[in-house]
Amino acid sequence: MAGAIASRMSFSSLKRKQPKTFTVRIMTMDAEMEFNCEVKWKGKDLFDLVCRTLGLRETWFFGLQYMIKDTMAWLKMDKKVLDHDVPKEEPVTFHFLAKFYPENAEEELVQEITQHLFFLQVKKQILDEKIYCPPEASVLLASYAVQAKYGDYDPNVHKRGFLAQEELLPKGVINLYQMTPEMWEERITSWYGQHRGRARDEAEMEYLKIAQDLEMYGVNYFAIRFTIKPLDKKIDVFKFNSSKLRVNKLILQLCIGNHDLFMRRRKADSLEVQQMKAQAREEKARKQMERQRLAREKQMREEAERTRDELERRLLQLKEEATMANEALMRSEETADLLAEKAQITEEEAKLLAQKAAEAEQEMQRIKATAIRTEDEKRLMEQKVLEAEMLALKMAEESERRAKEADQLKQDLQEARDSERRAKQKLLEITSKSSYTPMNCSATTLPADLPTFSLISESLSFDFKDTDMKRLSMEIEKEKVEYMEKSKHLQEQLNELKTEIEALKLKERETAMDILHNENSDRGNSKHNTIKKLTLQSTKSRVAFFEEL
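Definitions and limits used
- Residues numbered from 1 in each chain as written.
- Predicted model: local features only at pLDDT ≥ 70, side-chain atom pairs only at ≥ 80, totals over all residues.
- Heavy atoms only, no water.
- 1 Å grid on protein atoms, 1.4 Å probe; cavity = no way out; pocket = protein on both sides within 12 Å on 5 of 7 lines; lining within 4 Å.
- Points joined across faces, edges and corners; volume = space filled by probe spheres on them.
- Helix = DSSP H or I, 4+ residues; strand = E, 2+ residues; numbered from the N terminus.
- Core = buried A, V, L, I, M, F, W, Y, C linked by side-chain atoms within 4.5 Å.
- Buried < 20%, exposed > 50% of the residue type's maximum accessible area, 1.4 Å probe, protein only.
- Contact = heavy atoms within 4.5 Å.
- Axes fitted to C-alpha atoms, helices over the stretch in contact; angles between N-to-C directions.
- Parallel < 35°, antiparallel > 145°, perpendicular 65-115°, else oblique.
- Left-handed = near helix turned anticlockwise from the far one by under 90°.
- Nonpolar A, V, L, I, M, F, W, Y, C, P; charged D, E, K, R; others polar.
- Salt bridge = Lys/Arg side-chain N within 4 Å of Asp/Glu carboxyl O.
- Expected span 1.5 Å × (residues − 1).
- Pairing = 2+ DSSP bridges.
- Phe/Tyr/Trp six-rings, centres within 6.5 Å; stacked < 30°, edge-to-face > 60°.

## Some remarks on the layout of surface pockets
Argument step 1. Approximately 820 Å³ is the volume attributed to the second largest pocket.
Argument step 2. If you trace the second largest pocket, you find 29 residues lining it, with Gln-65, Met-72, Leu-97, Gln-125 and Lys-130 closest to the centre.
Argument step 3. Put simply, the parts of the chain that give the lining of the second largest pocket at least two residues each are strand 3 (62-68), strand 4 (71-74), strand 5 (92-98), helix 4 (112-127) and helix 9 (245-266).

## A word on the nonpolar core
Argument step 1. Counting 77 residues, the largest nonpolar core has Ile-26, Leu-46, Phe-62, Phe-94, Phe-96, Val-122 and Ile-126 as the members making the most contacts within it.
Argument step 2. The dominant element in this core, judged by the number of residues it contributes, is helix 5 (residues 135-150), at nine residues.
Argument step 3. Each residue touching Ile-26, except ones within four places of it in the same chain, is listed here: Ala-31, Glu-32, Met-33, Phe-35, Val-50, Leu-64, Phe-94 and Phe-96.
Argument step 4. With six residues, the next largest nonpolar core counts Ala-336, Leu-339, Leu-409 and Ala-416 among its residues.

## Structural notes on the packing of helix 4 against helix 8 (residues 200-211)
Argument step 1. Between helix 4 and helix 8, whose axes approach to 9 Å, the crossing angle comes to 50°. Relative to helix 8, the element helix 4 lies oblique. Both helix 4 and helix 8 take part in a crossing whose hand is left-handed. Contact with helix 4, carried on its side by Glu-112, Gln-115, His-116, Phe-118, Phe-119, Val-122, Lys-123 and Ile-126, involves Arg-200, Asp-201, Glu-204, Met-205, Tyr-207, Leu-208 and Ala-211 of helix 8 and no other residues of that element.
Argument step 2. Here the residues of the contact of helix 4 with helix 8 sort into eight nonpolar, two polar and five charged.

## Some remarks on the pattern of salt bridges
Pairing between side chains becomes possible if they bear opposite charge and their charged atoms approach one another.
Argument step 1. For the coordinates displayed, the defined rule picks out 18 salt bridges.
Argument step 2. One salt bridge connects Glu-112 with Arg-200, and the closest N-O pair in it is separated by 3.5 Å. Linking Glu-112 in helix 4 with Arg-200 in helix 8, this pair joins segments that are 88 residues apart in sequence.
Argument step 3. According to the relative accessible area criterion, Arg-200 is partly exposed, its value standing at 37%.

## A short note on helix 2 (residues 43-54)
Argument step 1. Helix length check: helix 2, at 12 residues, gives a terminal C-alpha distance of 17 Å against a target of 16 Å (1.5 Å per residue), a fit within 8%.
Argument step 2. For helix 2, every residue scored as buried is listed here: Gly-43, Leu-46, Phe-47, Leu-49, Val-50 and Cys-51.
Argument step 3. Among the structural elements, strand 1 (21-27), strand 2 (32-38), strand 3 and strand 5 are those in contact with the buried residues of helix 2.
Argument step 4. Just downstream of helix 2, Gly-55 is the residue with a positive phi angle, here 75°.

## Structural notes on the sheet that holds strand 4
Argument step 1. Across the sheet, five strands lie side by side as 2-1-5-3-4; this open sheet has mixed pairing. The open sheet has two edge strands, strand 2 and strand 4, and neither has a second partner. Recorded for the sheet is a direction-independent mean angle of 35° between the axes of neighbouring strands.
Argument step 2. The sheet contact formed by strand 3 and strand 5 spans four bridges and is antiparallel. Bridging across to strand 5, Gln-65 finds its partner in His-95.
Argument step 3. Across the face of the sheet, helix 2 comes into contact with strand 1, strand 2, strand 3 and strand 5 while running at roughly 140° to strand 2.
Argument step 4. Contacts from helix 4 reach strand 3 and strand 5, with the element oriented near 105° to strand 5.

## Here's the deal with the packing of aromatic side chains
Argument step 1. Taken as a whole, this structure holds 13 aromatic pairs when the rule is applied.
Argument step 2. With a centroid separation of 6.1 Å and 45° between ring planes, the pair formed by Trp-60 and Phe-61 is classed as tilted.
Argument step 3. The class of Phe-61 is buried, set by a relative accessible area of 1%.
Argument step 4. Ring centres of Phe-62 and Phe-118 lie 5.5 Å apart, and the angle between their planes is 55°; this geometry places the pair in the tilted category. Residue Phe-62 is located in strand 3, and its partner Phe-118 is located in helix 4; the two are separated by 56 residues in the primary sequence.

Structure, rendered in structure tokens:
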């Protein structure tokens, strides 16, 4: 009895010691994860677990978002997860999203995973038209998205219609113009072909560098209603209105977070950030060297393939020449045989005619020797003698002609045999040349491991010295200068594309955002100009400027 009571007590104490958990589902831009979380966990515990799982170290840009009655909210780091107004049914769903945006993506985003998550989120916001993007810029951004997904353009692989199932342009842009999907694909592909050689991370960074200049990039919109009282009593109160207290708190959190990030940018980088940037530079240099090595291997492979194709073409040509020479030799042999046979027949005919001429001569001599007693017989004999002489003359002429023909045939036979000898000699030369060429090819063949073109990289070790870092810094500065020059050229290309498709625009389908964007462009207003004006003005001027808006 006592033993049963003790076992029940130990079981109940063990049950009390086991921590209670609940299931959380985390949705990123390209993945879905589930975790078992303890009830006592705070928002920071869950957030750190997600960041460790993703391998993300630039955590200050991101947050966990959830929905409360059609209103978005962010998980607070110092508050328990279940103390938030989250749905009670499991799994509790959070979206891992960028909460704050960098001013300069190229300088502030260090890790490749950070760049990739920003790229996916900004791309979705543009396609969902939460960020307004002009039509010509949409086409350029779509070309970088295709480069990031498909790699370098290859007309043999990326044939017409390969983008038919891709969502690359906002629906508002597609509906604004009388253009077929094939026409859009043609313009996207023309830009896509110019991005050759860019890796996925480079194409995504180019996408972000263009998207960060859009007016609505990094901007959240709310239905607000609250009041700002400046310290200067002479300045009018700046009023905003909001119907929900939760929205006011959300706006305050975003303002504080953006201010903290603003101050963070103006301070010297922490040791952790410096280490991350150093590692990123080393990784970038390593990837650059790897890409150069792969490019060299690819070039050597292409050269080897071209050499092989050239040798195969040359071998085929030699085979064709050998076949033609062999056929010519066979024809020469046949002609020589025919000429020899014809010469033999002509020679036999000439001998026969000579024999007949000799017989006629003997007959003539016999007739002359015969005494003809009568005149009639004499005339008859004279006539016969005359006919015999004429026949002998004809026989002699025919024999002479046949002899000449026999001589001509002998000469043709000799020429045919000479042609046969030359054809045999040429065939011998072609045979020896074709047997020599593969030996030469094998002598110039690349090492045995190159034709396999194995891309298994060997273990590489890098020793980055100060000189290497200085050289890398100089290259980065050079790239910045080149980027400024390319930006001017890019703007010219965008204007050219805008002019090209302007004739196909349907004015009646223009949205309010399209009209507002065109008006701002005509007046020369942009997000950067507005920010520049505000930073140079006093508080009173800034308030007046916002009241005018």
